[in-house]
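Here is what each chain is made of, one letter per residue.
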Amino acid sequence: MSRAAVDPAARVVILALDQGTTSSRAIVFDRRGAVLGSAQQEFRQHFPQPGWVEHDATEIWATQSGVMHEALARARVAARDVAAIGITNQRETTIVWERAGGRPIAPAIVWQDRRTAPMCDALRERGEAARIAARTGLVLDAYFSGTKIAWLLDHVPGARARAERGELAFGTVDSWLVWQLSGGKVHVTDASNASRTLLFDLHTGDWSDELLQLFDVPRSLLPRVVDSSGVCATTTIDGVAIPIAGIAGDQQAALFGQACVEPGLAKNTYGTGCFLLLNTGHTAVASANHLLTTVAWRRAGTLDYALEGSVFIGGAVVQWLRDGLQVIRSAADVEALAASVPDNGGVYFVPAFTGLGAPHWDAYARGAMFGLTRGSTAGHIARAALEAIAFQSADVLDAMQKDAGITLSELRVDGGAAANDLLMQFQADVLGVPVVRPKVLETTALGAAYLAGLAVGYWPDAGAMAANRLVDRRFEPRMPRDRAATLRGEWAKAIERAKAWA
């Protein structure tokens, strides 16, 4: 038997590719869900104009390819040991490339980018927001891919004509990675990523001709929609054929990695942004509180749904303290600086650098600090920055509980900033429910690994996956509820004053 013909279930590891907003990572997992090796590389962020955020798609692929090989080396495993590859990715980020040579026609427009806010305003004024929400479960916002695709077709010379001739391909980052890994043979996306484009009908599970016409996007540009768990392509590493068997947007992957596979379970991921998702099972719950209804994943052709609240600036505020204000040397230093003061000293920081996401959806809000006095220090600002992450998440959770008609008994957390004990304790305090942190914080990558592993029989079922979950720490609320209410009242006042600034 050749190495390429080895039964995937007999191989010993799963390789997860986690392509994020600021870095590309690869992590090798074993059957217990333990990390055997990992590698990470940051890539450049481009801000050509206020409100614009771009990436170089070729740099995304170069860094992802590099860390993929590095992670295998660090795990001391060979390509022949990999049962399958799972991919998880920054969502909504929009890439259009040439089918013939694979060259991007322009920089990738990142999910944070606000250049298409006026296009959204125009559609809203025409009364299209309700129709779009009914089909897609999304609010009409520059966050999503649909208006970004239209912008590229209209602003890159010749792009629209080339798209209509079938010469170009659109994809979110998952599609771009599969295209590269398959040598340009496979153009697909999974249902979770498709549901973030403003072009996908939540109820039919396919691209909507009605929405394609509305946004003036040719169907020939789009990838084929596949299951989130299932073999969709093959790549070759060191002469070994490896199935690509799992794809999910980063937040849906984290929901799966946290074993939130039953309705009523929720998680919050603290990454560049914060993303709170609640599993609603086979029911697409329409939000009355400005949240998103999204596909959680598609397995065996069946869609599961989630309610989602997206906070645009979460951990990115810590990066700003490091790179912008330069009050800390590394992101890990923020906890000690914030703990150098007993409280926020009356300082409230609204990090609306690129507008506000759920439940406010204000593209024109901008970052602001309130309550500064001569006694305010870098410690107060650092503490206010961390507290802002928790306040924003609490706002989303309130809206989510109203929509779903439930009260959460706990919030499962993950992502880089979930390692910050001060932030996690404050989150439990303002929510009034326990915050539960797992031993493996990289649940985004783990979810992609689980989706891929289930598809090839590496794990027999979701129960085996859930049995791997180990709790690192449970943060119980300690703050008196009246104190928490006072803090949240002040936060609400700050939010209102930051709105509609630009």
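Preceding this paragraph is the structure being described.
Rules used in this analysis
- Residues numbered from 1 in each chain as written.
- Predicted model: local features only at pLDDT ≥ 70, side-chain atom pairs only at ≥ 80, totals over all residues.
- Heavy atoms only, no water.
- Buried < 20%, exposed > 50% of the residue type's maximum accessible area, 1.4 Å probe, protein only.
- Helix = DSSP H or I, 4+ residues; strand = E, 2+ residues; numbered from the N terminus.
- Pairing = 2+ DSSP bridges.
- Right-handed = clockwise from strand over helix to strand, strands pointing away.
- Phe/Tyr/Trp six-rings, centres within 6.5 Å; stacked < 30°, edge-to-face > 60°.
- Contact = heavy atoms within 4.5 Å.
- Axes fitted to C-alpha atoms, helices over the stretch in contact; angles between N-to-C directions.
- Parallel < 35°, antiparallel > 145°, perpendicular 65-115°, else oblique.
- Nonpolar A, V, L, I, M, F, W, Y, C, P; charged D, E, K, R; others polar.
- Core = buried A, V, L, I, M, F, W, Y, C linked by side-chain atoms within 4.5 Å.
- Polar contact = N/O pair within 3.5 Å; in protein donor to acceptor, adjacent residues only side chain to side chain.

**Q** Got a minute to help me understand the pairing of strand β5 (residues 82-89) in this structure?
**A** The two faces of the sheet receive side chains in turn, since in a regular strand these alternate between them. With 8 of 8 residues buried, β5 is to be regarded as a mostly interior element. Bridge count between strand β1 (residues 13-19) and β5: 7 bridges; the pairing is parallel. When the sheet's bridge partners are listed, aspartate 18 is paired in β5 with threonine 88. In terms of strand pairing, β5 meets strand β14 (residues 240-249) through 5 bridges, oriented parallel. Residue pairing in the sheet places threonine 88 in a bridge with alanine 248 of β14.

**Q** Honestly, the pairing of strand β21 (residues 411-414) in this entry has me stumped. Any pointers?
**A** Of the two faces of β21, the one holding Leu411 and Val413 and the one holding Arg412 and Asp414 are both buried throughout. The sheet contact formed by strand β15 (residues 266-270) and β21 spans 3 bridges and is parallel. Its bridge partner lying in β21, threonine 269 is registered against aspartate 414. Regarding the hand of the β-α-β motif, the stretch spanning β21, helix α13 (residues 421-431) and strand β22 (residues 435-438) is right-handed.

**Q** Whenever I open this one, the packing of aromatic side chains confuses me. Can you help?
**A** The description of two aromatic rings rests on the distance between their centres and on the angle between their planes. Throughout the structure, instances matching the rule amount to 21 aromatic pairs. Judged by centre distance (5.3 Å) and plane angle (45 degrees), the rings of tryptophan 320 and phenylalanine 353 are tilted. Of this pair, tryptophan 320 sits in helix α10 (residues 316-323) while phenylalanine 353 is found in the loop between β19 (348-350) and β20 (368-370), placing the two residues 33 residues apart along the sequence. Here tryptophan 320 falls in the partly exposed class, since its relative accessible area comes to 28%. Counting every residue linked through ring pairs, the aromatic cluster contains Trp111, Tyr143, Phe144, Phe275, Phe312 and Trp361.

**Q** In this structure, what is going on with the side chain of serine 208? I would like to understand it.
**A** Counting through the fold element by element, serine 208 comes out in the loop between β11 (206-207) and α8 (209-215). Discounting chain neighbours no more than four positions away, the residues touching serine 208 are Leu199 and Asp201.

**Q** Explain the packing of helix α12 (residues 378-404) against helix α16 (residues 481-498) to me, please; I cannot follow it from the model alone.
**A** Helix packing for two helices is described by the angle between their axes and how far apart those axes are. In the contact formed by α12 and α16, the axes pass within 11 Å of each other and the chain directions differ by 95 degrees. When the axis of α12 is compared with that of α16, the two are roughly perpendicular. In this structure, α12 uses Ala388, Phe391, Gln392, Ala394, Asp395 and Asp398 to contact α16, whose residues at the interface are Leu487, Arg488 and Trp491. Looking at the contact of α12 with α16 residue by residue, the classes come out as 5 nonpolar, 1 polar and 3 charged.

**Q** Any chance you could explain the nonpolar core here in plain terms?
**A** Considering soluble globular proteins, one finds that nonpolar side chains tend to be buried as a cluster. In this structure, Leu221 and Tyr270 are the most contacted members of the largest nonpolar core, which totals 138 residues. Top element by residues in this core is α12. It accounts for 14 residues. What leucine 221 contacts, discounting residues up to four positions off in sequence, is Val96, Arg99, Ile149, Leu153, Ala163, Leu168, Ala169, Phe170 and His187. In this structure, Leu17, Met68, Leu181 and Cys232 belong to the second largest nonpolar core, which totals 39 residues.

**Q** Hey, could you run me through the side chain of glutamate 54 in this one?
**A** Secondary-structure assignment places glutamate 54 in strand β4 (residues 54-55). The class for glutamate 54 is buried, based on a relative accessible area of 11%. Only 2.9 Å separates the side chain of glutamate 54 from the side chain of arginine 115, close enough to count as a polar contact. When sequence neighbours within four positions are dropped, the list of residues in contact with glutamate 54 reads Arg44, Gln45, His46, Pro48, Pro107, Ala108, Val110 and Arg115.

**Q** Looking at this model, I keep getting lost on the environment of valine 435. Mind explaining?
**A** With respect to the secondary-structure elements, valine 435 resides in strand β22. Through-space distance from the C-alpha of valine 435 to that of aspartate 403 is 21 Å; in sequence the pair is 32 residues apart. The contact partners of valine 435, leaving out residues within four places of it in the chain, are Leu411, Val413, Met424, Gln427, Ala428, Arg473, Arg474 and Phe475.

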